[in-house]
Amino acid sequence: MAEERRGGEGGGATEGGPGLMYMPFVVMEELLDKLKLLNYEEDFLRGVGFKPLSRHYFALQTNPGEQFFMFTSLCAWMINLAGKHFDTPQEYDDPNATISSILDELRQLGSTVDFPPAKLKSGFGEHVIYVLDKFADEALKQTNFKWQRPVYPEEEMEEESTVDDDAELTLNKVEEEMAEDYDDVEEEESFLDLEGLKNLKNKTESSESSKPQEIMESKTDAIDWRLEVERVMPSLKVTIRTDNKDWRTHVDQMHQHRGGIEQSLSETKGHLDKLHSEISRTLEKINSREKYINNQLEHLLGEFRHMQDSLAEVKEQYRQASGGVTDRSRRLAEISEDLEKIKQEMEERGSSMTDGAPLVKIKQALQRLKTEVTQMDVRVGTVEHSLLQARLKDKSNMQRDMNKPISSDNYNDY
C-alpha cells in the first residue's frame, strides 16, 4: 500500500488529487504503528539513547544529522530483525557507503529503487519513509506477525437513549410539569396509610356515581375558544436546543455550504470562461507573431547557422594547429636545452685553453724535478765515493795482511 501511495506521489497532484502531497504524513503514522508493533521503544531506543519518535518525525525537516543517524540505525536494526547481518552504523561513517549498503539490502528484498541515493542523505522525506516502511514490513513478516480481526466494544442501549434524548427536542414547560406531577405522586405513595385508603375508596365510589349517563355537550363559545388558544399559543411553542454536534445542524450547514458553492461557481465560471477566452486569444496572437518573426528572420538564421559551421571549422583548424605548435614548442625546448649544454662545455674548454696557470704549474713542477734530480745525483756521487774509499781501504788492508810474515802467534790467532 505504501508503494502505491509513493507511486501516486511521483505522478503529481494532478493525477491523483491534491491530497497526495500529504501522503508521506499518513505513511509515517502507519510506519510508527509498525515500529510500536516491533517494540522499538524497548529493543531499539534504549540502546541508542534517543527519545520516542513523533508522528511526523521523518516527514518534516528538524535536524538533518540526527534524522540521518536515526534513519540508518533504524534500518540496521530492522535488517537484523529480518534475519540478516548488518553492522550498526556510527556517526563518523561514510554516508555514501552506508546508503549504498542499505539500498543493496532493499534490492535483495525485491523492492524497486527508482530514486537517486542522494535523496536519503537529508534523513527525511518520502523516500526515507518508503525505505523504512519496506524494512518494517519485512521485519513483521520474519517475526510471524499477523493482523487479527478487530474486536468491537458492545455499546449499552441506555447510553444511546441518553444521547438521543439529549439530541432530541426538549419541552421545558412540559418536563417541569411532568416532574412536579411525578414528585406529587411519589410523595403520596410514600405516605399512604389505612385512613387514606378509605378516603381514596370513598372518592372513587363518589366519582363513579357522579359519572354522566349521557354525552356531554360543550357550552363554550367557539370565538372565546379561539381567543384563548391564540393567547396561550406563545406558551406552547417548542424551544429547540442548538447543538453543534447534532447531525441535523451538520446537514443544514452542508446545504448552506452547497448553496454558497453553487452560487460562487456560477459567478466564478463566467470569470473563468472570460479569462480562458482572453488567454486563448493571447496565445493565438503569440503564435502568429512567432510565425511572423520566424519568417522574417529565416535568412538571418540561415546565415547564423552558416557562421556557426564556419566557426566550428576554424576552431578545429586552430585545435590542430595548436597541437602542432605544442609539439614544436616541446622540441624547441629540448633543442635549447642541448644547445645550452654544448655552450657550457665550449666555455669550459675555451677557458681551460686560454688560461696559463696550468702551464706555469707544469714549469714549476719540472724545475722542482730538475732540482731534486741534481740533489739526488750529488747524493749518489757521495755514496759512490764513500763506497769506493771503503773498498780501497779493505783492499789495502787485505794486501797488507797478505804480505805480512806468518808467526806462531799469528798462526795461533788463525
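Quick caveat: nothing in here was measured; it's all calculated off a predicted structure.

S.K.: Go over the nonpolar core with me, naming the residues and quoting the values.
M.R.: Nonpolar side chains tend toward joint burial in soluble globular proteins. By size, the foremost hydrophobic cluster in this structure holds 40 residues, and its most contacted members are L53, F58, F71, L74, M78, V131 and L132. Looking at this core, the elements with two or more residues in it are α3 (23-37), α6 (64-81), α7 (95-108) and α8 (126-142). If sequence neighbours within four positions are ignored, F71 has contacts with F58, I102, L120, V128, V131 and L132.

S.K.: Describe the pattern of salt bridges, listing the residues and the values that go with them.
M.R.: Tallied over the entire structure, the rule returns 9 salt bridges. Taking the shortest distance from any N to any O, the salt bridge between K34 and D133 comes out at 2.8 Å. Of this pair, K34 sits in helix α3 while D133 sits in helix α8, placing them 99 residues apart in sequence. In terms of burial, K34 and D133 fall into one category: buried. Here E228 ties to R231 by a salt bridge, and the two come within 2.2 Å at their closest N and O atoms. Residue E228 and its partner R231 are both found in helix α12 (residues 222-232); the two are separated by 3 residues, about one turn of the helix. Taken together, the shared-partner salt bridges in this structure form one network comprising K34, D133 and D137.

S.K.: How would you sum up the packing of α7 against α8? Please name residues and give values.
M.R.: Taken N-terminus to C-terminus, the directions of α7 and α8 make an angle of 50 degrees; their axes are 11 Å apart at the nearest point. With respect to each other, α7 and α8 are oriented oblique. In the packing of α7 onto α8, the handedness of the crossing is left-handed. Contact residues: I102, E105 and L106 in α7; Y130, V131, K134 and F135 in α8.

Procedures and definitions
- Residue positions are given per chain, counting from 1 as you read along its sequence in written order.
- For a predicted model such as this one, the threshold for reporting local features is a pLDDT of at least 70, and the threshold for listing and counting side-chain atom pairs is 80 or more; totals across whole chains, interfaces and linings nevertheless cover every residue.
- Values reported for side chains reflect all heavy atoms of the structure, with hydrogen atoms and water molecules removed beforehand.
- Put simply, a nonpolar core is a bunch of buried Ala, Val, Leu, Ile, Met, Phe, Trp, Tyr and Cys residues held in one set by side-chain atoms that sit within 4.5 Å of each other.
- The buried label applies to any residue whose accessible area, calculated with a 1.4 Å probe on protein chains only, is under 20% of its type's maximum; exposed applies above 50%, and partly exposed to all values in between.
- The numbering of helices and of strands both runs from the N terminus, where a helix is a DSSP run of H or I of at least 4 residues and a strand a run of E of at least 2.
- Whether two residues are in contact is decided by their heavy atoms: any pair within 4.5 Å suffices.
- A side-chain nitrogen of Lys or Arg and a carboxyl oxygen of Asp or Glu constitute a salt bridge if their distance falls within 4 Å.
- Lines fitted to C-alpha atoms define the axes here, with helix axes fitted over just the stretch in contact, and angles between the N-to-C directions of these axes take values from 0 to 180 degrees.
- Oblique is the label for any angle not under 35 degrees, not over 145, and not in the 65 to 115 range, which are roughly parallel, roughly antiparallel and roughly perpendicular in turn.
- Handedness of a crossing is defined here by the sense of rotation of the near helix relative to the far one, left-handed for an anticlockwise turn of less than a right angle and right-handed for a clockwise turn.

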